[in-house]
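This is what each chain is made of:
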Amino acid sequence: MPGSTHIAILAATFAGVGMPVIADNLGQPANEPLLTVLGDVAAAGEGTALRFDRPMLEALQNVTFTTSTIWTTGPQTFTGVPLAHLLEAVRADGTRVAIYATNDYKVEIPIAELDGNAPIVAFLQNGAPMSLRDKGPLWIVYPYDANPDYRSEVSYARSVWQVERIEVLD
Ligand SMILES: Nc1nc2c(c(=O)[nH]1)N[C@H]1C(S)=C(S)[C@@H](COP(=O)(O)O)O[C@H]1N2
Ligand SMILES: [Mo]
């Protein structure tokens, strides 16, 4: 059954990290988790992971913007949680985040380089969930059209798609 396979993979990936502990204010995943946040996060005990399903992400501060991207054709509307806000919500206590995609792509972003509303951890594109094939379910996106700084190789490299895990580092 695909569901149990997925759970087995998750368990294998996070074996040794400890059971997920969910802080009261963030809620608890009732559906398939889309995102794991771990590392230096005060909302979880040390060595534990926070998991977010779609409703939990929707319950955080959400931002919507429309922009073109170098990977798509025509204006795209994205909705998601500003990464800076997500880090506040989990009470991140570090200076960098490592963002991991399903394909083992990983990038580190200094937290000081996050703007209030950019990038976002997008969970909707043009009002619809993104499939894994379409760079989903989570994609780090910037409002590229709004600021030339976002149209840079650095920001493109930080535009991780198929995000599954964010680790807060010292
Ligand atoms: N999941 C995932 N996201 C990723 C990458 C990747 O390999 N996997 N490459 C990054 C880098 S280094 C850049 S410059 C752009 C590359 O986009 P392109 O492959 O369309 O040129 O996506 C970024 N996001
Ligand atoms: Mo890149």
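Attention here is on the structure that accompanies the text. (Residues numbered from 1 in each chain as written. Chains lettered and ligands numbered in written order. Predicted model: local features only at pLDDT ≥ 70, side-chain atom pairs only at ≥ 80, totals over all residues. Heavy atoms only, no water.)

## Notes on the sheet that holds strand β9 (residues 163–169)
Okay, so step 1: Spatial ordering of the open sheet is given by β2-β1-β9-β5-β6, a layout of five strands whose pairing is mixed. Every interior strand has two partners, whereas the edge strands, β2 (49–52) and β6 (106–110), have only one. Between one strand axis and the next, the sheet turns by 20 degrees as a mean value, whatever way the strands run.
Okay, so step 2: Judged from the six bridges that link them, strand β5 (residues 96–101) and β9 form a sheet pairing that is antiparallel. The residue of β9 that forms the bridge with Ala98 is Glu167. (Pairing = 2+ DSSP bridges. Helix = DSSP H or I, 4+ residues; strand = E, 2+ residues; numbered from the N terminus. Axes fitted to C-alpha atoms, helices over the stretch in contact; angles between N-to-C directions.)

## Observations concerning the pairing of β5
Each regular strand shows side chains that alternate between the opposite faces of the sheet.
Okay, so step 1: The element β5 is extensively covered by neighbouring structure, given that five of its six residues are classed as buried.
Okay, so step 2: Where β5 and β6 come together, five bridges link them in antiparallel fashion. When the bridges of β6 are listed, Val97 appears paired with Ile109. (Buried < 20%, exposed > 50% of the residue type's maximum accessible area, 1.4 Å probe, protein only.)

## Overview of the sheet that holds strand β7 (residues 120–125)
Okay, so step 1: Judged by pairing direction, the sheet is antiparallel, and its four strands sit side by side in the order β3-β4-β7-β8 without closing on themselves. Looking along the sheet, the strands with just one partner apiece sit at the ends: β3 (63–67) and β8 (139–141). Pairs of neighbouring strands in the sheet enclose a mean axial angle of 50 degrees, with direction left out of account.
Okay, so step 2: As paired elements, β7 and β8 share three bridges and run antiparallel to each other. When the bridges of β8 are listed, Ala122 appears paired with Trp139.

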